[in-house]
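Residue strings, one per chain:
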Amino acid sequence: MTIFDIKKRNSETNFIQGDIKDSKLVENSIKNCDYVIHLAATLGVVNTEKNPVLTLDTNLGGTKNVLEACRLNDVKKIIFSSSSEVYGEPLKIPIEENDKPIPITTYGISKFAAEEYIKAYSRNYGLRYTIFRLFNVYGDEQATDWVLPEFVNKALSNQDIMIHGDGSQIRSFCYVSDVSDAFSKVLNDGDGETFNIGNNSEPISIKDLATKIISITKSKSKIKFIPFEESQRNRNEILKRVPNIEKAKKLLGYHPQISLEDGIRKVMDAQILRK
Ligand SMILES: NC(=O)c1ccc[n+]([C@@H]2O[C@H](COP(=O)([O-])OP(=O)(O)OC[C@H]3O[C@@H](n4cnc5c(N)ncnc54)[C@H](O)[C@@H]3O)[C@@H](O)[C@H]2O)c1
């Protein structure tokens, strides 16, 4: 296995440090690979809205480089991590794969356009693919600028938990091992398909998430609200995000296992160990 990433990391596997915007390096790095799992992206609501050109260059231009490298190296299949952001503000909940994508953020547009590039490469060059639209993935190694680990971090040190808006935004959080499980299922299955991947068993408002984390960590933190206008986040924030995952259940046997409470505890234990 070869891992390619712009950030240096300690890895026991073959690691190449590089930028997916560098087409020659991507082409050389993919030599001898049968399968490509394409995860590299510019992401983060604030980051991508502040840096729209970089977002398009990485997520769209970078994906084009990965696809071209797959074609030139006769890669068997690409598995792509798209996002629930392609749907924009959903017209109904839960969101199904056939619902019309109406992305409203640069990030959502970049992911949707990348999906279309992938389909075009499949039609024109026979490259096999599976697209996963991921819904709010979290994990114990995730940086604390992402909402769930951020709340845990604040709760563990009894600091105020700051919520953008009134906290009524609904999210469905999925623990990372449930997502990697989905990736492992599509090396041979799910060709030419797009799947919602997430855990829809416990949709929760951001305010209730903060309350739950305070309770699990037995924290003295208080919840504070910052109006959107005063926060760094703009109003492109999606209000409700709950996936329908029946397609992945039926075609891939995908069944997320980790409850929200267990996932929060894993994040909490990992953060305590690192402190
Ligand atoms: N975490 C989520 O909730 C979520 C939801 C939907 C989609 N996704 C998608 O899943 C994928 C993985 O996300 P993640 O949450 O693990 O975030 P992450 O930041 O851990 O992973 C993205 C990786 O891409 C690398 N990268 C960024 N720019 C690069 C470049 N120009 N060249 C090479 N590498 C580059 C980063 O260093 C990082 O390791 C991304 O494509 C993301 O858009 C994540």
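Residues numbered from 1 in each chain as written. Predicted model: local features only at pLDDT ≥ 70, side-chain atom pairs only at ≥ 80, totals over all residues.

## Here we look at the sheet that holds strand β4 (residues 77–83)
Spatially, β3-β4-β5-β10 is the arrangement adopted by the four strands of the open sheet, whose pairing is parallel. Whereas interior strands pair on both sides, the edge strands pair on one side only; in this sheet they are β3 (35–38) and β10 (193–197). Between one strand axis and the next, the sheet turns through 20 degrees on average, direction left out of account. Where strand β5 (residues 128–134) meets β10, five bridges bridge the pair, whose relative direction is parallel. Along β10, the bridge assignment pairs Thr 130 with Glu 193. (Pairing = 2+ DSSP bridges. Helix = DSSP H or I, 4+ residues; strand = E, 2+ residues; numbered from the N terminus. Axes fitted to C-alpha atoms, helices over the stretch in contact; angles between N-to-C directions.)

## A closer look at the packing of helix α5 (residues 147–156) against helix α9 (residues 260–274)
Two elements in contact, α5 and α9, have axes whose closest approach is 10 Å; the angle formed by their N-to-C orientations is 55 degrees. Here α9 runs oblique to α5, going by the angle between their axes. Considering the relative orientation of α5 and α9, their crossing is right-handed. Together, Leu 148, Pro 149, Val 152, Asn 153 and Leu 156 of α5 and Ile 264, Val 267, Met 268, Gln 271 and Ile 272 of α9 make up the contact between the two elements. For the contact of α5 with α9, the class distribution of residues is eight nonpolar, two polar and no charged. (Parallel < 35°, antiparallel > 145°, perpendicular 65-115°, else oblique. Left-handed = near helix turned anticlockwise from the far one by under 90°. Contact = placed C-beta atoms within 7 Å. Nonpolar A, V, L, I, M, F, W, Y, C, P; charged D, E, K, R; others polar.)

## A word on the site of the ligand
The local shell around the ligand holds 18 residues, among which Ala 40, Ala 41, Ser 81, Ser 83 and Leu 134 are the closest. Among the secondary structure elements, those contributing two or more residues to the shell around the ligand are α3 (52–72) and β4. Grouping the constituent residues of the shell around the ligand by class yields eight nonpolar, six polar and four charged. (Near = placed C-beta within 6 Å.)

## Description of the domain arrangement of the protein
Think of interface size as the accessible area that goes away when the parts come together; that is how it is often given. Split by domain assignment, the protein resolves into domain 1 (1–134) and domain 2 (137–174 + 199–242 + 257–275). If you average the C-alpha positions of domain 1 and of domain 2, the two centres end up 26 Å apart. Contact residues are listed per partner, giving 13 residues for domain 1 and twelve residues for domain 2. With three residues, helix α2 (residues 45–50) is the single largest residue contributor to the side of domain 1 that touches domain 2. In terms of residue class, the side of domain 1 that touches domain 2 is built from eight nonpolar, three polar and two charged. (Domains from an automatic or database assignment.)

## Description of unusual backbone geometry
Residue Ile 93 is joined to Pro 94 through a cis peptide bond whose omega torsion reads -5 degrees. Looking at the secondary structure, you find Pro 94 in the loop between β4 and α4 (106–125).

## Section: the packing of α3 against α4
Remark: α3 packs on α4, axes separated minimally by 9 Å, with the N-to-C direction vectors making an angle of 15 degrees. Relative to α4, the element α3 is oriented roughly parallel. When you trace α3 past α4, the crossing you get is right-handed. Along the contact surface, α3 presents Pro 52, Thr 55, Leu 56, Asn 59, Leu 60, Thr 63, Lys 64, Leu 67 and Arg 71, while α4 presents Thr 106, Tyr 107, Ser 110, Lys 111, Ala 113, Ala 114, Tyr 117, Ile 118, Tyr 121 and Tyr 125. Split by residue class, the contact of α3 with α4 holds eleven nonpolar, five polar and three charged.

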